[in-house]
Amino acid sequence: MLLRHTPDKVVERTALTINPAKTCQPVGAMYAALGVSKCLPHSHGSQGCCAYHRSALTRHYKEPVMATTSSFTEGASVFGGQANILEAITNIFALYDPEVVAVHTTCLSEVIGDDLSQIINKAVAEGKIPAGKRVVYASTPSFKGSHVTGYSNMVTSLVQNFSENSGKKISQVNIIPSFVEPSDMAEIKHIASEMGVKFVMFPDTTGILNGPMDGKFRMYPKGGATIASIKSAGDSIKTIALGRTGAMAAAKLLDTKCKVPCEILDLPVGVGGTDEYVDLLRKTYGAAVPESLLLERGQLVDVMTDMNQYVSGKRVSLVGDPDTLVGVARFCAENDMKVLHVVSGTAPGPKFERRIRELCGESVVVKTGAQADMFYFHQLLKGERPDLILGNTYCKYIARDMDIPLIRIGFPIYDRVGHSYFPITGYRGGLRLLEKVLDTFMDRQDRDAAEESFELVM
Ligand code: SF4
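Residues numbered from 1 in each chain as written. Predicted model: local features only at pLDDT ≥ 70, side-chain atom pairs only at ≥ 80, totals over all residues.

J.: Any chance you could explain the overall build of the protein here in plain terms?
T.: Along the backbone of the protein there are 18 helices and 13 strands. Computed over its C-alpha atoms, the radius of gyration of the protein comes to 23 Å, within 12% of the 23 Å expected for a compact globule of 458 residues. Across its three principal directions, the C-alpha atoms of the protein cover 80 × 55 × 45 Å. (Helix = DSSP H or I, 4+ residues; strand = E, 2+ residues; numbered from the N terminus. Rg over C-alpha atoms; globule rule 2.2 N^0.38 Å.)

In structure tokens:
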């Protein structure tokens, strides 16, 4: 009911965020660290931050998320958290025996100005880190950026700390996905595997945040990129970054640090984006496109063709993370849907807006950054009503208020399951997304049909 009072008239704000369309950097850093084999994320800040980050991931994935915290209290807030994290490192290796501890900072430790590099060196000097184990960190101040920035910062830190150029090239391709579901990471790997491409993908949360129930608790679920593979990424022939905002920085660092050239692609959602990914793998690795992928592609194209009349001309509004938005906007455009609004709480820079306009035309309204919040998104929708919203769980209030159907994509999704098991990337993901769009429109059509137009066959 409260949302009924959101005014139609959009007033541009400069200093106030109302219901942000993003979450904070450490959530992404924690997610990226979980995609490394036997890696324990560590939150350098108060217990409350860590509890929030873990619960955000747990509620989205319906899986337990392991992470430790420096547990700042008033003393650490004043004098810094060095003593806390040094004690934490000792306890973590004694109790949980990880291969790697991936530390991310929080607002508080950033404001205090804790020097993690110096603190980790001190831990090494004092023998607190067992032989063969590592502690790495990423700076993730949450008063700027978003969970996507935090993800990118942690992936970049993995390259900084582990990737090495040994001087001997390995015939393999690096694949760095943006902040996407474990199901999407699996799909991205499936395509490369079908083509016979040898690859290193990191991070890789497949099996970690969508693992099976087998009655056993595992502190470190099976899966994740190994440190050896991330190290070898420095010898690969190329890096493919899937998503500019979440994956480009790490790919570029592999280029400057290890002389591995990189290419940045859109997140492969739908036919066009997936074709580009397949084609780049083909050209880079000299791999042929197998019948199995042609079949997947052909099925997607078949449904797109058969059912185009139900989606063509439909008006959609998108809110979420930049790389997902680019992929989904591309999917909408190739299915002849008209994208009205694209809103992201992350600020991905001018290239994002240019890309969205290339895909959707000049009329699309693009708004990014801290004031691109759910309140603003609601106002845009009140000004120009779409037929469909694509966005995360928080859109449900707007969808209900305005009686507009919602398809949940992106992060977080707290009130549905399926996203961690079924992808939206690749040809198979495109088919699933199209099915969801078609089901949504047809359900609406059935709900609103007069008695005489209520059809058995669509
Ligand atoms: S925004 Fe800052 S204070 Fe709040 S949970 Fe995130 S890191 Fe902690």
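J.: Quick question: what am I supposed to make of the site of the ligand here?
T.: With respect to spatial proximity, the complete set of residues near the ligand consists of C24, P26, G45, C49, Y52, T106, C107 and S142. A per-class count over the shell around the ligand returns five nonpolar, three polar and no charged. (Near = placed C-beta within 6 Å. Nonpolar A, V, L, I, M, F, W, Y, C, P; charged D, E, K, R; others polar.)

J.: Sorry, what's going on with helix α18 (residues 426-448) here?
T.: Structurally, the α-helix is built with 3.6 residues per turn, so residues lying three or four positions apart point the same way. Here α18 is 23 residues long and its end C-alpha atoms lie 33 Å apart, about the 33 Å a rise of 1.5 Å per residue gives. All of the buried residues in α18 are G426, Y427, R428, G429, G430, L431, L433 and V437. (Expected span 1.5 Å × (residues − 1). Buried ≥ 20, exposed ≤ 12 C-beta atoms within 10 Å, placed from the backbone.)

J.: It is not clear to me how the packing of helix α12 (residues 291-306) against α18 should be interpreted in this structure. Could you clarify?
T.: Any two packed helices are characterised by the angle at which their axes cross and by the distance between the axes. Interhelical geometry of α12 versus α18 gives an angle of 25 degrees and a closest axis separation of 8 Å. By the angle between their directions, the pair α12 and α18 is classed as roughly parallel. Handedness of the crossing formed by α12 with α18: left-handed. Of α18, the residues touching α12 (which contributes E296, R297, Q299, L300, V303 and M304) are Y427, R428, G430, L431 and L434. Looking at side-chain class alone, the contact of α12 with α18 contains six nonpolar, two polar and three charged residues. (Axes fitted to C-alpha atoms, helices over the stretch in contact; angles between N-to-C directions. Parallel < 35°, antiparallel > 145°, perpendicular 65-115°, else oblique. Left-handed = near helix turned anticlockwise from the far one by under 90°. Contact = placed C-beta atoms within 7 Å.)

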